[in-house]
Amino acid sequence: MTTAREVRAVREAAGSNETHNFGKYRLKGPGARNWLARVMAGKLPKPGRLSLSPMLSPKGKLLGDFTISCLSETEYQLTASYGAQDIHMRWFELHPPEDATLENVSDSVTGFQIAGPRARDVLVDVAGETAQELRFLDVRRLTIGMVDCLVQRVSYTGDQGYESYCSPMEQRHLWATLWAAGQPRGMQPFGMRAMMSLRLERAFGSWMAEYAPDYTPKETGLDRFIDWERDFIGAEASKADNPSRQLCVFEVDADAADVVAYEPIFHGDAVVGFCTS
């Protein structure tokens, strides 16, 4: 029942969850955008905006799904799966940027996301009216209480939401500030089980479940984020891909049969697919 209570809080009021569980990278320098254009397949955002992007192997297979936050023409934050850091860093080291530096800041940048219909009210209360102006996929530097944060309007739960990033030394104050403003609005903390339930309801994929190195963008639906006009790593193979399988979302009427993953899907006596989450 705890998970159900947390999910209900996010859908009906507001919820808060740590952003520590994201892998985070900082890219700086005059060559940053050119490097992203080669290594990432997705459309690159303008300053103050963010975009979603797959990263591909030369064979057109997925190596990661990233959020690219453009802080300026020469500075970016990349966000992806925390558990895939080794994969990402090996690939970055094989394709190092020129005229730019790339740093893994996963353990030196943390914070919280808040999501739900009252999330905006919470953020405006602690960060001022500037927070009211944030559009979907905007990214800004805001002061929350006494903490300088990088705030972006995006949410893995599919609700109106915001991710805030700060130094670990300031995280406790950030939490206290958000918590105090969130209590009158019904805000509750929520964990990863609630997160997985919330993102599944919105058909958002997860790394090593819906998205993995065995799959391609066209199989998973990530092709909708690709900039097909650009010559990125994996472009030729990805354009030629003609998959025979496709990621789909099913709503199953069952109360006592949870899917773990990789259970077969039968059509009659034939196995026609498998579950991912």
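Residues numbered from 1 in each chain as written. Predicted model: local features only at pLDDT ≥ 70, side-chain atom pairs only at ≥ 80, totals over all residues. Heavy atoms only, no water.

*Asks:* So what about the sheet that holds strand S7 (residues 110-115)? Which residues, and what values?
*Replies:* Taken in spatial order, the six strands of this open sheet run S8-S9-S10-S7-S1-S11, and their pairing is mixed. Only two strands of the sheet have a single partner each, and these edge strands are strand S8 (139-144) and strand S11 (187-189). Going across the sheet, the axis of each strand differs from the next one's by a mean of 25°, ignoring polarity. Direction of pairing for S7 relative to strand S10 (residues 161-166): antiparallel, over a ladder of six bridges. Paired with Ile114 across the strands is Tyr162, a residue of S10. Packed onto the sheet, helix H4 (residues 119-127) meets strand S1 (14-18), S7, S8, strand S9 (147-152) and S10 and runs at close to 60° relative to S8. (Pairing = 2+ DSSP bridges. Helix = DSSP H or I, 4+ residues; strand = E, 2+ residues; numbered from the N terminus. Axes fitted to C-alpha atoms, helices over the stretch in contact; angles between N-to-C directions. Contact = heavy atoms within 4.5 Å.)

*Asks:* Describe helix H3 (residues 85-94), listing the residues and the values that go with them.
*Replies:* By the burial criterion, the buried members of H3 are Gln85, His88, Met89, Trp91 and Phe92. Projection of H3 onto a plane perpendicular to its axis shows the buried side chains occupying an angular sector of 165°, all on one side. Residues of H3 that are exposed and point more than 90 degrees away from the buried face comprise Asp86, Arg90, Glu93 and Leu94. The inward-facing, buried residues of H3 contact strand S2 (22-28), helix H2 (32-39), strand S3 (50-56), strand S4 (62-72), strand S5 (75-81) and strand S6 (101-104). (Buried < 20%, exposed > 50% of the residue type's maximum accessible area, 1.4 Å probe, protein only. Arc of directions from axis to C-beta.)

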